[in-house]
Every structure is written in C-alpha cells, then in structure tokens.
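Here are the chains, one letter per residue:
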Amino acid sequence: MQVEEYLNDIAEREGTVHLTLIDPASQSPEAAAEIAKAAVAGGTDAILIGGSTGAGGVALDQTLIKIKEEVDVPTILFPGNAGGVSTHADAIFFMSLLNSRDINYITTNQVMGAPIVYKSGIEPISMAYIITEPGGTVGWVGDAKLIPRNKPELAAAYSLAGKYLGMHYTYLEAGSGADQPITPETIGAVKHVLGDNKLIVGGGIRDGRTAKICADAGADMIVTGTIVEETDDVKKKIEEIVSAIKK
C-alpha cells in the first residue's frame with residue numbers, strides 16, 4: 001500500500017490520522033529513533049521528519065536510518081527546502097508554501113528537489129502549505145504573509161487555490177511551538193471548501209483536548225512535534241492525543 005493511500009484509509013476508518021514530527025536538528029539520530037519508537041507505541045500513524053533550519057544532510061539521513069530500524073510505520077519527509085530531501089524516506093510531502101513572499105518556497109526549491117525524488121523512487125504527496133498567525137520560525141524562514149487568525153476566508157481561498165492546482169493535501173500551520181492552535185472557525189472554513197481533499201493541521205497542539213477540537217472542526221490529520229521534545233513520557237502524551245481524535 002502506498003503511503004498516501006495508507007493515510008487516507010486511516011482517516012476514513014478511524015476518523016483522524018496522527019502524525020509525529022521529529023526535527024533531525026533537535027537531537028541525535030539515536031534519540032530521535034527512541035522518540036519515534038515511543039510515539040508508535042503510543043499510537044501515532046506515521047513519522048514526519050523535517051524542520052525549518054539545520055534539518056538536512058547527514059543528520060537527516062542518519063536520523064531516518066535509525067528511525068527505520070526501530071519502527072515499521074511510514075517515514076515522511078517534511079522538508080524546509082531542497083536540502084530536506086533524503087533517499088531513505090518512504091514518502092515526501094511535496095509542498096508549496098502558497099502564502100510565501102519568496103519564490104524559492106513556492107517553486108524554486110521544488111524544482112531543485114524534484115529530480116532527487118524522481119530518481120530515488122520516494123512517493124511524492126502533493127500538498128499546499130499555508131501558514132497562519134503566529135507562524136513561528138517557519139513563518140519567518142519562509143517569509144510568509146501570515147493568514148490572520150480572524151480571517152478564515154483567506155485561509156479558505158488559499159486552500160481552494162491549492163486544490164484547483166491539483167494538490168491532494170492542504171496543511172494549515174500555526175508554527176512549531178505556537179502558543180495557540182489554528183481556530184476551529186478557520187479549520188472548518190477550509191475543510192468545507194476542500195471537500196474530500198485531506199486537511200492537515202499542526203502547531204500549538206499539546207494535549208488531547210486541543211487535538212479533539214481541531215479534529216472535530218474538520219482536521220483529517222493532526223501533527224504534534226514540539227510536545228514530543230518537551231515531555232518526559234512520549235508514549236503517554238501520544239496516547240492521550242491519539243485516544244482523543246480516533247473514533
């Protein structure tokens with residue numbers, strides 16, 4: 001089964017997919033593998049690997065190798081630029097930051113990374129990436145024109161553009177470590193126009209209650225990242241979030 005099909009199937013059967021994001025620059029490859037192992041034990045459906053800065057090269061490759069030694073769920077690249085591509089992953093969120101002011105994050109990095117994806121046989125999953133307030137590091141690095149929290153219609157318009165351009169997934173991002181998640185109003189407005197296209201929501205989701213609010217509002221997939229770096233018990237924290245969003 002292909003990774004996109006695998007994720008879609010879980011969304012249909014279980015209500016919401018849970019994805020754990022691991023930044024290769026935040027810990028050693030061995031520590032990353034332990035986080036991934038604990039997250040899978042807690043019920044996460046796949047591991048995302050990537051980050052805004054310092055998340056490429058040898059560190060990325062070694063992190064993927066170590067993670068794949070410990071878990072059997074899919075590993076999906078979540079690249080900050082063309083340097084975030086590795087041949088050791090199962091798939092890649094092949095994304096365009098639609099609300100960036102910098103052409104490099106809309107098409108240039110994609111052009112540079114596409115031949116590597118093609119030659120390696122990594123599964124590309126097309127995705128519209130949209131950053132909302134507060135945006136965090138990724139908003140600054142990607143030079144995003146942040147979607148205001150009180151303007152769900154703007155997020156919906158960008159999402160429609162991605163859908164009409166043929167992108168299968170849309171990712172609404174509040175920014176890693178955001179002090180609050182994307183509003184239910186924004187999530188609902190975007191899901192309404194996306195229809196059957198899958199919606200991913202991340203940023204500011206630290207507990208089961210928040211994850212459930214996002215899922216109930218229309219998120220097909222929930223991403224948690226910062227919390228797995230901060231908690232002392234990754235398995236327990238992931239169990240809390242997963243149990244809140246699954247049917």
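Thresholds applied
Residues numbered from 1 in each chain as written. Predicted model: local features only at pLDDT ≥ 70, side-chain atom pairs only at ≥ 80, totals over all residues. Heavy atoms only, no water. UniProt positions renumbered as here; feature names shortened; annotations may be inferred. Salt bridge = Lys/Arg side-chain N within 4 Å of Asp/Glu carboxyl O. Helix = DSSP H or I, 4+ residues; strand = E, 2+ residues; numbered from the N terminus. Buried < 20%, exposed > 50% of the residue type's maximum accessible area, 1.4 Å probe, protein only. Contact = heavy atoms within 4.5 Å. Arc of directions from axis to C-beta. Core = buried A, V, L, I, M, F, W, Y, C linked by side-chain atoms within 4.5 Å.

The name given to the protein chain in an unreviewed UniProt entry is Geranylgeranylglyceryl phosphate synthase, with the source organism recorded as Methanococcoides seepicolus. Recorded under Sequence similarities (unreviewed entry), the UniProt text for the protein chain is reproduced unchanged: "Belongs to the GGGP/HepGP synthase family. Group II subfamily."

*Asks:* Whenever I open this one, the pattern of salt bridges confuses me. Can you help?
*Replies:* For side chains bearing opposite charge, pairing can occur when the charged atoms are close. Tallied over the entire structure, the rule returns 12 salt bridges. Lys 246 is the salt-bridge partner of Asp 45, the closest N and O atoms lying 2.6 Å from each other. Of this pair, Asp 45 sits in the loop between helix H2 (29–41) and strand S2 (46–49) while Lys 246 is found in the segment after helix H10 (234–245), placing the two residues 201 residues apart along the sequence. When sorted by exposure, Asp 45 lands in the same class as Lys 246, which is buried. One salt bridge in this structure joins Lys 235 and Glu 239, with 2.7 Å as the shortest N-O distance. Of the two residues, Lys 235 and Glu 239 both sit in helix H10, 4 residues apart, roughly one turn of that helix.

*Asks:* Honestly, the environment of Leu 97 in this entry has me stumped. Any pointers?
*Replies:* By secondary structure assignment, the location of Leu 97 is in strand S4 (residues 91–97). When the C-alpha atoms of Leu 97 and Asp 143 are compared, they prove to be 9.5 Å apart, with 46 residues separating the residues in sequence. Discounting chain neighbours no more than four positions away, the residues touching Leu 97 are Tyr 105, Ile 106, Gln 110, Tyr 129, Ile 131 and Gly 142.

*Asks:* Can you walk me through the UniProt feature "binding site: Mg(2+)" (unreviewed entry) in the protein chain in this structure?
*Replies:* Mapped onto this structure's residue numbering, the UniProt feature "binding site: Mg(2+)" (unreviewed entry) falls at Asp 23 and Ser 52. The topology assignment puts Asp 23 in the loop between strand S1 (17–22) and H2.

*Asks:* When you look at helix H8 (residues 208–217) in this model, what are you seeing that I'm missing?
*Replies:* Residue pairs spaced three or four apart in an α-helix point in one direction, given the helix's 3.6 residues per turn. Buried within H8 are the following residues: Gly 208, Thr 210, Ala 211, Cys 214 and Ala 215. Down the axis, H8 shows its buried residues gathered within 160 degrees of arc, on one side only. In H8, the exposed residues that point more than 90 degrees away from the buried face are Arg 209 and Asp 216. Where the residues of H8 are buried, they touch helix H7 (184–194), strand S7 (198–202), strand S8 (221–224) and H10. With its phi angle positive at about 140 degrees, Gly 218 sits one or two positions after the end of H8.

*Asks:* Please explain the nonpolar core as it appears in this structure.
*Replies:* Burial of nonpolar side chains together is a common tendency in soluble globular proteins. One finds Leu 7, Leu 19, Phe 78 and Phe 93 to be the most contacted residues of the largest nonpolar core, which totals 27 residues. Secondary-structure elements contributing two or more residues to this core are helix H1 (3–14), S1, S2, S4, strand S5 (123–131), strand S6 (169–173) and S8. Contacts of Phe 93, omitting those with residues within four sequence positions, involve Leu 19, Leu 48, Ile 76, Leu 77, Phe 78, Pro 79, Ile 125, Met 127, Tyr 169 and Ile 200. Judged by nonpolar contacts, the second largest core, of 24 residues, contains Leu 60, Val 73, Ile 238 and Val 242.

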